[in-house]
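Residue-level structural notes
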Amino acid sequence: MKVGIIMGSKSDLPVMQDAADICTAFDVDFEITVVSAHRTPDRMFSYAKEAASRGIKVIIAGAGGAAHLPGMVASITTVPVIGVPVKSSNSIDGWDSILSILQMPNGIPVATVALNAAKNAGLLAVQILSTAKPELAEKMQAYKDDLRQKVEQTAAEMEE
């Protein structure tokens, strides 16, 4: 089981690295590369078309500006796609990216996380994979338990 992490430009890497870090933390195999919907459409088409046959079970696609990468990839593959809107240098405060990924037409679903939230995309990919891998589900439960404990500890400290 492998996660494909793609982005429209290397400038998206500081955001998208968070998804790779989550995959590493959960011992999930992944690949990471640049696939531009606008500058390398043939590469994008090949990546999406071949993803399932290469063992990719979830694709995390980050893009800024017009942010067509997640939706275009989703239109080609049957592999679930998680879109990460990236606030890029040419972005309209990130809203263009958010709306481009969020407003997909019926029939072409893309799960969408918050602006620059590649960490959440990584966590969602792990949760998707955990439906078929019980040991991954156990790790995810431990992660959530740790989050809960941290909040409870903070609350206890504040209430003292």
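A brief report on the enclosed structure follows. (Residues numbered from 1 in each chain as written. Predicted model: local features only at pLDDT ≥ 70, side-chain atom pairs only at ≥ 80, totals over all residues. Heavy atoms only, no water.)

Turning next to the packing of aromatic side chains. Counting across every chain of the model gives one aromatic pair. Arg-54 extends its terminal NZ or CZ atom over the ring of Tyr-47, reaching a point 5.1 Å from the ring centre. (Phe/Tyr/Trp six-rings, centres within 6.5 Å; stacked < 30°, edge-to-face > 60°. Lys NZ or Arg CZ within 6 Å of the ring centre and 35° of its normal.)

With 26 residues, the main nonpolar core has Val-3, Ile-5, Met-16, Phe-26, Val-28, Ile-60 and Val-84 as its most contacted residues. At the level of secondary structure, the elements contributing two or more residues to this core comprise strand S1 (2-7), helix H1 (13-25), strand S3 (56-64), strand S4 (81-86), helix H5 (118-130) and helix H6 (134-159). When sequence neighbours within four positions are dropped, the list of residues in contact with Val-3 reads Cys-23, Val-28, Asp-29, Phe-30, Glu-31, Ile-56, Val-58, Ile-60, Ala-125 and Leu-129. Ile-6, Met-44, Ile-56 and Leu-69 belong to the second largest nonpolar core, which has 19 residues in total. (Core = buried A, V, L, I, M, F, W, Y, C linked by side-chain atoms within 4.5 Å. Buried < 20%, exposed > 50% of the residue type's maximum accessible area, 1.4 Å probe, protein only. Helix = DSSP H or I, 4+ residues; strand = E, 2+ residues; numbered from the N terminus. Contact = heavy atoms within 4.5 Å.)

Let's shift gears to the sheet that holds S4. Taken in spatial order, the five strands of this open sheet run S2-S1-S3-S4-S5, and their pairing is parallel. The open sheet is flanked by strand S2 (29-34) and strand S5 (111-112), the only strands paired with a single partner. Running at roughly 150° to S3, helix H3 (residues 69-76) makes contact with S1, S3 and S4 of the sheet. Here H5 sits on the sheet and contacts S1, S3, S4 and S5; the angle it forms with S3, its principal contact strand, is near 165°. (Pairing = 2+ DSSP bridges. Axes fitted to C-alpha atoms, helices over the stretch in contact; angles between N-to-C directions.)

Packing of H5 against H6 brings their axes to within 8 Å, and their N-to-C directions diverge by 140°. Here H6 runs oblique to H5, going by the angle between their axes. As H5 packs across H6, the resulting crossing turns out to be left-handed. For the pair H5 and H6, contact is made by Lys-119, Leu-123, Val-126, Gln-127, Leu-129 and Ser-130 and by Pro-134, Leu-136, Ala-137, Met-140, Tyr-143 and Lys-144, respectively. In terms of residue class, the contact of H5 with H6 is made up of eight nonpolar, two polar and two charged. (Parallel < 35°, antiparallel > 145°, perpendicular 65-115°, else oblique. Left-handed = near helix turned anticlockwise from the far one by under 90°. Nonpolar A, V, L, I, M, F, W, Y, C, P; charged D, E, K, R; others polar.)

On to a nonpolar patch on the surface, then. Among the surface-exposed residues, Trp-95, Leu-99 and Leu-102 lie close enough to one another that they form a single nonpolar patch of about 330 Å² accessible area. You can see Leu-102 is positioned in helix H4 (residues 95-102). Overall, Leu-102 belongs to the partly exposed group, its relative accessible area being 47%. (Patch = residues over 30% accessible without salt bridge, like charges linked within 9 Å, V, L, I, M, F, W, Y side chains within 5 Å. Areas by Shrake-Rupley, 256 points an atom, 1.4 Å probe, with all protein chains shown as cover. Salt bridge = Lys/Arg side-chain N within 4 Å of Asp/Glu carboxyl O.)

Here we take up the pattern of salt bridges. A complete count under the given rule lists six salt bridges for this structure. Across the salt bridge formed by Lys-2 and Glu-31, the nearest N and O atoms sit 3.6 Å from each other. Of this pair, Lys-2 sits in strand S1 while Glu-31 is found in strand S2, placing the two residues 29 residues apart along the sequence. Note that Glu-152 and Arg-148 form a salt bridge whose closest N and O atoms lie 3.1 Å from each other. Of this pair, Glu-152 and Arg-148 both sit in helix H6, four residues apart, which is roughly one turn of the helix.

With respect to the secondary-structure elements, Gln-149 resides in helix H6. Gln-149 sits in the partly exposed class, given a relative accessible area of 45%. When the C-alpha atoms of Gln-149 and Glu-159 are compared, they prove to be 15 Å apart, with ten residues separating the residues in sequence.

What follows deals with the pairing of S1. Extensive coverage of S1 is indicated by the burial of five of its six residues. Summarising the sheet, S1 and S2 pair through six bridges and their orientation is parallel. By the bridge assignment, Ile-5 is partnered in S2 with Ile-32. Read from S1 through H1 to S2, the crossover connection turns out right-handed. (Right-handed = clockwise from strand over helix to strand, strands pointing away.)

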